[in-house]
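# Chains, contacts and geometry: an overview
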Amino acid sequence: QVQLVESGGGLVQAGGSLRLSCAASGSIVSIDNMGWYRQAPGKQRELVARISSGGRTYYADSVKGRFTISSVNAKKTVYLQMNSLKPEDTAVYYCRLVWASVAYWGQGTQVTVSS
């Protein structure tokens, strides 16, 4: 059984920073990739950033230059450093891990950016 536990969400003013963490546990042999998605009220869940086991990263255009994804494979942990936050970044952020072509999701953590 694979479990993902996110932490680090909260309330911050526009221009501020937050760091999200996601720790995976369970019988994981090797990680294909880990990533962060977000879902704002009334909107579809969208990919924010992703990192492969080899360190290749992808960012949504809306967060490029502001967010940084990193991981420690040995610890099965992924981070999302979010700087220069904007009100439109407000959403529930979900961690996602892909292992053996199967995707696992965390429970989500709320990020609220006030103007």
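A short tour of the structure in this document, coming up. As the structure is a prediction and not an experimental result, all values here were calculated from the model.

## Details of unusual backbone geometry
With a phi angle near 50°, Ser 84 is a residue other than glycine that sits in the positive phi range. Examined against the element boundaries, Ser 84 turns out to sit in the loop between β8 (77–82) and β9 (91–99). Positive phi outside glycine occurs at Ala 100, with the angle close to 55°. Examined against the element boundaries, Ala 100 turns out to sit in the loop between β9 and β10 (102–105).

## Description of the state of the cysteines
Summed over all chains, the structure comprises one disulfide. Between the sulfur of Cys 22 and that of Cys 95 lies a disulfide, 2.1 Å long from S to S. Since a negative S-S torsion denotes a left-handed disulfide, the Cys 22-Cys 95 link at about -80° is left-handed. Separated by 73 residues along the polypeptide, Cys 22 in strand β3 (residues 18–25) and Cys 95 in strand β9 bring together distant segments of the chain. By the burial criterion, Cys 22 is buried, and Cys 95 matches it.

## Considering the pairing of β9
Within β9, eight of the nine residues are buried, which leaves the element mostly enclosed by the surrounding structure. Looking at chain direction, strand β4 (residues 33–39) and β9 are connected through seven bridges and run antiparallel. What sits directly across from Gly 35, in β9, is Arg 96. Alignment of β9 against strand β11 (residues 109–114), held across three bridges, turns out to be antiparallel. Paired with Ala 91 across the strands is Val 111, a residue of β11. Alignment of β9 against β10, held across four bridges, turns out to be antiparallel. Residue pairing in the sheet places Val 98 in a bridge with Ala 103 of β10. Where β9 folds back on β10, the antiparallel hairpin that results is connected by two residues, among which Ala 100 adopts a positive phi of roughly 55°.

## Some words on the side chain of Arg 38
As for its placement among the helices and strands, Arg 38 is situated in strand β4. A polar side-chain atom of Arg 38 sits 2.7 Å from a polar atom in the side chain of Glu 46. Polar side-chain contacts of Arg 38 include one of 3.0 Å to the side chain of Asp 89. Excluding its chain neighbours within four sequence positions, the residues that come into contact with Arg 38 are Gln 44, Arg 45, Glu 46, Val 48, Ser 62, Val 63, Phe 67, Glu 88, Asp 89, Ala 91, Val 92 and Tyr 93.

## Topic: the pattern of salt bridges
Counting across every chain of the model gives four salt bridges. Ionic pairing is found between Asp 61 and Lys 64, a salt bridge with its closest N-O pair at 3.1 Å. The pair formed by Asp 61 and Lys 64 is uniform in burial state, with each residue classed as exposed. Because the salt bridges share partners, they merge into one network encompassing Arg 38, Glu 46, Arg 66 and Asp 89.

Cut-offs applied
- Residues numbered from 1 in each chain as written.
- Predicted model: local features only at pLDDT ≥ 70, side-chain atom pairs only at ≥ 80, totals over all residues.
- Heavy atoms only, no water.
- Helix = DSSP H or I, 4+ residues; strand = E, 2+ residues; numbered from the N terminus.
- Disulfide = S-S within 2.5 Å.
- Buried < 20%, exposed > 50% of the residue type's maximum accessible area, 1.4 Å probe, protein only.
- Pairing = 2+ DSSP bridges.
- Polar contact = N/O pair within 3.5 Å; in protein donor to acceptor, adjacent residues only side chain to side chain.
- Contact = heavy atoms within 4.5 Å.
- Salt bridge = Lys/Arg side-chain N within 4 Å of Asp/Glu carboxyl O.

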